[in-house]
Amino acid sequence: MSTIQALILGIIQGLTEYLPVSSSGHLEIAQHLFGLEGADNLTFDITVHVATVLSTLVVLWKEVAWLFSGLFTTTGWRYSEWNDEKHYVAKIIVSMIPVFVVGMFFKDYVEQFFGSGLLIVGVCLLVTAALLAFSYFAKPRQKEKISYLDSFVIGIAQAIAVLPGLSRSGSTIATGILLGNKKESVAQFSFLMVIVPILGEAFLSLLKIVKGEFVSSIPATSLVVGFLAAFISGCVACKVMLKIVKNGKLIWFSVYCVLVGAFAIAYSYM
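Just so it is clear, the model here is predicted, and its values are computed rather than measured.

Some remarks on the overall build of the protein chain
Thinking step 1. Looking only at helices and strands, the protein chain features 13 helices and 0 strands.
Thinking step 2. Going residue by residue from the N terminus, the α and β elements of the protein chain occur as α-α-α-α-α-α-α-α-α-α-α-α-α.
Thinking step 3. For the protein chain, buried positions account for 48% of its 270 residues.
Thinking step 4. Sequence-distant contacts, at least 24 apart, represent 80% of the contacts inside the protein chain between residues at least 6 apart.
Thinking step 5. Accessible area of the protein chain: about 13300 Å², with a carbon and sulfur share of 72%.

As structure tokens, then:
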């Protein structure tokens, strides 16, 4: 992987992680067009995903600081004594249960879909388009707070969205809206709930590298360039996406996913 390729892929990851168009799907398409195949792609994918997680912490630092300050206040730890911050953190933990189950018991099965061609990516992009369209035309109840049950259902959407082409942000935000939650609240929750799973995956991959179980042939310069490109573009995309969700213009991303999904399916048969 050249430095230029890493730069382009990093920008693609940073922009599409927050825009509801599937970062994994776009990376699969771009890597396929570049002729980049093999396990090294997974190393690069994890690197740029960590970069976008850090961009989340930068853009939403006030919300993260609010959660930490409230989590360690002097209020009691009994459920009846919890403040809003403790409830919010607990809901994030609940949302991580489905993706934890998938990671523990179905990780090897899911990884088979990556690098297996663009047909699956195209189909999943069409599914993403359908979800975005449904959420756009839905008439939500505009609930004030995301419930624990909603958190778990949104977590299921996140777990399913590990498939390439199925947008994680698109799936979780659309699911939250369909459950009757406010768009801006769901978007913030969606961006925060992914932090721990991605960092956990990166930590496990780092352990494999330290133990010598996996050695990447990607030059360090390419990884650094990809990381920086994903981080900077991720900061921009995160801010833009929060505004877009608030204004309710997700339907245009649905149209975009249809076009890219159709291209991926057509290309897979060429």
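Observations concerning the nonpolar core
Thinking step 1. In this structure, Ile29, Ile173, Phe189, Leu192, Met241, Leu250 and Phe253 are the most contacted members of the largest nonpolar core, which totals 44 residues.
Thinking step 2. For isoleucine 29, the residues in contact, after removing those within four places along its chain, are Leu118, Val121, Leu125, Val260, Phe263 and Ala264.

Points about helix α5 (residues 84-105)
Thinking step 1. Taking 1.5 Å as the rise per residue, α5 with 22 residues should run 32 Å; its terminal C-alpha atoms sit 33 Å apart, in good agreement.
Thinking step 2. Remark: the principal bend of α5, roughly 35°, maps to isoleucine 97, with a proline, proline 98, within the next four residues.

Digging into the packing of aromatic side chains
The way to describe two aromatic rings as a pair is by their centre distance and the angle between their planes.
Thinking step 1. For the coordinates displayed, the defined rule picks out 2 aromatic pairs.
Thinking step 2. With 5.7 Å between their ring centres and 70° between their planes, tyrosine 88 and phenylalanine 189 make a pair best called edge-to-face. With tyrosine 88 in helix α5 and phenylalanine 189 in helix α10 (residues 183-193), this residue pair connects regions lying 101 residues apart in the sequence. Just as tyrosine 88 is buried, phenylalanine 189 falls in that class too.
Thinking step 3. Ring centres of phenylalanine 263 and tyrosine 267 lie 5.7 Å apart, and the angle between their planes is 40°; on these two criteria the pair is classed as tilted. With phenylalanine 263 and tyrosine 267 both in helix α13 (residues 251-268) and 4 residues apart, this pair spans about one turn of that helix.
Thinking step 4. Relative accessible area serves as the criterion here: at 28%, tyrosine 267 is assigned to the partly exposed category.
Thinking step 5. Between lysine 91 and the ring centre of tyrosine 148, over which it is positioned, the NZ or CZ distance is 5.5 Å.

Remarks on helix α4 (residues 61-71)
Thinking step 1. The complete set of buried residues in α4 reads Val64, Leu67, Gly70 and Leu71. End-on view of α4: buried residues confined to an arc of 135°, all on one side of the axis. Exposed side of α4, more than 90 degrees from the buried face: Trp61 and Lys62 are the residues found there.

Some thoughts on a nonpolar patch on the surface
Thinking step 1. Together, Ile97, Phe100, Val101, Met104, Phe105, Phe152, Ile156 and Ile160 give the surface a local cluster of nonpolar side chains, amounting to about 770 Å² of exposed area.
Thinking step 2. Looking at the nonpolar patch, the elements that each hand over two or more residues are α5 and α8 (148-160).
Thinking step 3. Broken down by element, the nonpolar patch gets its largest block of residues, 5 residues, from α5.

Here we look at the packing of helix α7 (residues 118-137) against helix α9 (residues 168-178)
Thinking step 1. In contact at an axis separation of 9 Å, α7 and α9 are set at 30° when each is read in the N-to-C sense. Of the possible angle classes, the one that applies to α7 and α9 is roughly parallel. In terms of crossing hand, the pair formed by α7 and α9 is left-handed. In contact with Leu131, Leu132, Phe134 and Ser135 of α7, α9 contributes Gly170, Ser171, Ala174, Ile177 and Leu178.
Thinking step 2. Here the contact of α7 with α9 is composed, by residue class, of 6 nonpolar, 3 polar and no charged.

A few points about the side chain of threonine 56
Thinking step 1. Tracing the backbone through its elements, the reader meets threonine 56 in helix α3 (residues 40-59).
Thinking step 2. Residue contacts for threonine 56: discarding those within four places in its chain leaves Tyr18, Trp61, Phe191 and Ile195.

Reading the values: the criteria
- The residue numbers shown here count from 1 along each chain, following its written sequence.
- A pLDDT threshold of at least 70 governs which residues receive local features in this predicted model, and a stricter bar of 80 or more applies before side-chain atom pairs are shown or counted, although totals over entire chains, interfaces and linings include all residues.
- With hydrogens and water stripped out, all remaining heavy atoms of the structure feed into the side-chain values.
- To qualify as a helix, a DSSP run of H or I must reach at least 4 residues; to qualify as a strand, a run of E must reach at least 2; elements of each kind are numbered from the N terminus.
- Buried means the residue's accessible area, taken with a 1.4 Å probe over protein chains only, is under 20% of the maximum for its type, while exposed means over 50%, and partly exposed covers the values in between.
- The contact definition used throughout considers only heavy atoms, calling two residues in contact when any of these lie within 4.5 Å.
- The accessible surface values rely on the Shrake-Rupley method and a 1.4 Å probe; as for residues, cover is taken only from the protein chains in view.
- Among the buried residues, those of types Ala, Val, Leu, Ile, Met, Phe, Trp, Tyr and Cys that are joined through side-chain atoms within 4.5 Å form a nonpolar core.
- In this scheme, a helix's expected span is set at 1.5 Å multiplied by one less than its residue total.
- What the bend at a residue measures is the angle between two axes, fitted to the seven residues ending there and to the seven starting there.
- Whether two aromatic rings pair depends on their centres lying within 6.5 Å, for rings of Phe, Tyr and Trp, where Trp uses its six-membered ring; planes under 30 degrees apart make the pair stacked, over 60 edge-to-face, and the rest tilted.
- Over a ring means this: the NZ of a Lys or the CZ of an Arg is within 6 Å of the ring centre and within 35 degrees of the ring normal.
- The arc in question is formed by the directions pointing from the helix axis toward the C-beta atoms.
- Any residue with relative accessible area above 30% and no salt bridge may belong to a patch, with like charges joined within 9 Å and the nonpolar Val, Leu, Ile, Met, Phe, Trp and Tyr side chains within 5 Å.
- Any Lys or Arg side-chain nitrogen found within 4 Å of a carboxyl oxygen on Asp or Glu counts as a salt bridge.
- Only C-alpha atoms enter the line fits that serve as axes; for helices the fit covers just the stretch in contact. Angles between N-to-C directions range over 0 to 180 degrees.
- Orientation is classified from the angle alone, with under 35 degrees giving roughly parallel, over 145 giving roughly antiparallel, 65 to 115 giving roughly perpendicular, and any other angle giving oblique.
- Each helix crossing is assigned a hand: it is left-handed if the near helix lies turned anticlockwise from the far helix by less than a right angle, otherwise right-handed if that turn is clockwise.
- Lys, Arg, Asp and Glu make up the charged group, whereas Ala, Val, Leu, Ile, Met, Phe, Trp, Tyr, Cys and Pro make up the nonpolar group; the residues left over, Gly among them, are polar.

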